[in-house]
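Structure assessment
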Amino acid sequence: MEIQEARKRLDSSARVAVLTGAGISAESGVPTFRGAGGLWEGFRPEELATPEAYARDPEKVWRWYAARYRQVMQAEPNPAHRMLAQLERAKGDGFLLVTQNVDGLHLRAGSRRVVELHGSLTRARCERCGHRQPLPPPDAFEPPPLCERCGGRMRPDVVWFGEFLDAELLARAERAFMTAEVALVIGTSAVVEPAASLGRIAKSAGAYLIEVNPEPTPLTPLADLSLRAGAAHGLGRLLPDDAGTREEAE
Ligand code: APR
């Protein structure tokens, strides 16, 4: 049975690469971008998550990002985030978690071998010197943050539509998927490049490809196993039971 095979592969493989999208945080109450029940209070991400929107009206863009920052800081990692942190502990150096999410929940769940391809709502980047620093706690945060190094105005440290991803982070992500024995793609619509290609890169390099998503995606036909399930439930079926993670997932 496919799921037994997938469990065996995950258990025995030394090199596992994971890609997550907004779906893994849906169960923490952080809405997805393209799913039902749109996210943005009357905003459209494409109108706000762009350098042009920021240049036109930085205060408005910061109001939106500050609201998202407060929202994700009220959310908690869910069992799916915790199970991936546990999988990292089991696999060690052979493990890499690449996330498109900017909510910081993987890090708060204990994951450390993480590439945040699209940046993070919890950090700002100086427009003048490029210095990055964490945002203050939500209740003490008044945008825009000023650079602790040069005093310049800082922007959200996220990748906007039309911007390039950090080349080093992308190269690290691609290397992990090119050398993975198992690639695990969870909670992404697999339509936004370059992240959407990572599963295909792994598959063409010979990896065993597993997808966890309640809906089919463009990646589904390529997957060795595509589990029609939510992230926590799907991972609960794929990973060995482990204290403190699985029971909540059932
Ligand atoms: N568990 C797993 N997957 C889920 C769940 C769940 N509980 N609920 C929804 N999903 C799936 C949806 O079926 C969908 O395929 O999560 C996916 C969410 O897709 P998107 O909203 O497109 O999010 P994502 O794929 O992460 O978007 C990629 O697009 O807007 C940009 O930069 C933004 O990082 C984002 C990128």
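A quick note: this is a predicted structure, and the numbers were derived from the prediction, not measured. (Residues numbered from 1 in each chain as written. Predicted model: local features only at pLDDT ≥ 70, side-chain atom pairs only at ≥ 80, totals over all residues. Heavy atoms only, no water.)

**Some points on the site of the ligand**
The environment of the ligand is made up of 20 residues, and the closest members are Glu27, Arg34, Thr188, Ser189 and Asn213. In the model, a nitrogen atom of the ligand is placed 2.7 Å from a nitrogen or oxygen of the Glu27 side chain. Between an oxygen atom of the ligand and a side-chain N or O atom of His118, the distance comes to 2.9 Å. When the ligand sits alone it has 740 Å² of accessible area, and the protein chains cover 87% of it. For the shell around the ligand, the per-class residue count stands at seven nonpolar, 10 polar and three charged. (Near = heavy atom within 4 Å. Polar contact = N/O pair within 3.5 Å; in protein donor to acceptor, adjacent residues only side chain to side chain. Areas by Shrake-Rupley, 256 points an atom, 1.4 Å probe, with all protein chains shown as cover. Nonpolar A, V, L, I, M, F, W, Y, C, P; charged D, E, K, R; others polar.)

**Quick notes on the domain arrangement of the chain**
Taken domain by domain, the chain comprises domain 1 (2-30 + 77-118 + 165-238) and domain 2 (45-74 + 122-158). Using only C-alpha atoms to locate each centre, domain 1 and domain 2 end up separated by 28 Å. Each partner contributes residues to the interface: domain 1 has seven residues there, and domain 2 has seven residues. Our count for the domain 1 to domain 2 interface comes out at one salt bridge. We note a salt bridge from Glu116 to Arg123, for which the minimum N-O separation is 2.8 Å. (Domains from an automatic or database assignment. Contact = heavy atoms within 4.5 Å. Salt bridge = Lys/Arg side-chain N within 4 Å of Asp/Glu carboxyl O.)

**Let's talk about the sheet that holds strand 5 (residues 132-134)**
A sheet is described by the order of its strands in space; here three strands give the open sequence 5-4-6, paired in antiparallel fashion. Every interior strand has two partners, whereas the edge strands, strand 5 and strand 6 (154-158), have only one. The mean angle between the axes of side-by-side strands here comes to 45 degrees, regardless of whether they run parallel or antiparallel. Sheet topology note: the strand 4 (residues 119-126)/strand 6 ladder contains five bridges and is antiparallel. The partner of Ser120 across the bridge, within strand 6, is Asp157. Packed onto the sheet, helix 5 (residues 58-74) meets strand 4 and strand 6 and runs at close to 140 degrees relative to strand 4. (Pairing = 2+ DSSP bridges. Helix = DSSP H or I, 4+ residues; strand = E, 2+ residues; numbered from the N terminus. Axes fitted to C-alpha atoms, helices over the stretch in contact; angles between N-to-C directions.)

**Points about the pairing of strand 2 (residues 95-99)**
Counting buried positions over the five residues of strand 2 gives five, a clear majority of the element. With burial as the criterion, each face of strand 2 is covered, one bearing Phe95, Leu97 and Thr99 and the other bearing Leu96 and Val98. Sheet topology places strand 1 (residues 16-20) next to strand 2; five bridges connect them, and they run parallel. Across the sheet, Leu19 pairs through a bridge with Val98, a residue of strand 2. Across three bridges, the pairing between strand 2 and strand 3 (residues 114-116) is parallel. By the bridge assignment for strand 3, Leu97 is matched with Val114. (Buried < 20%, exposed > 50% of the residue type's maximum accessible area, 1.4 Å probe, protein only.)

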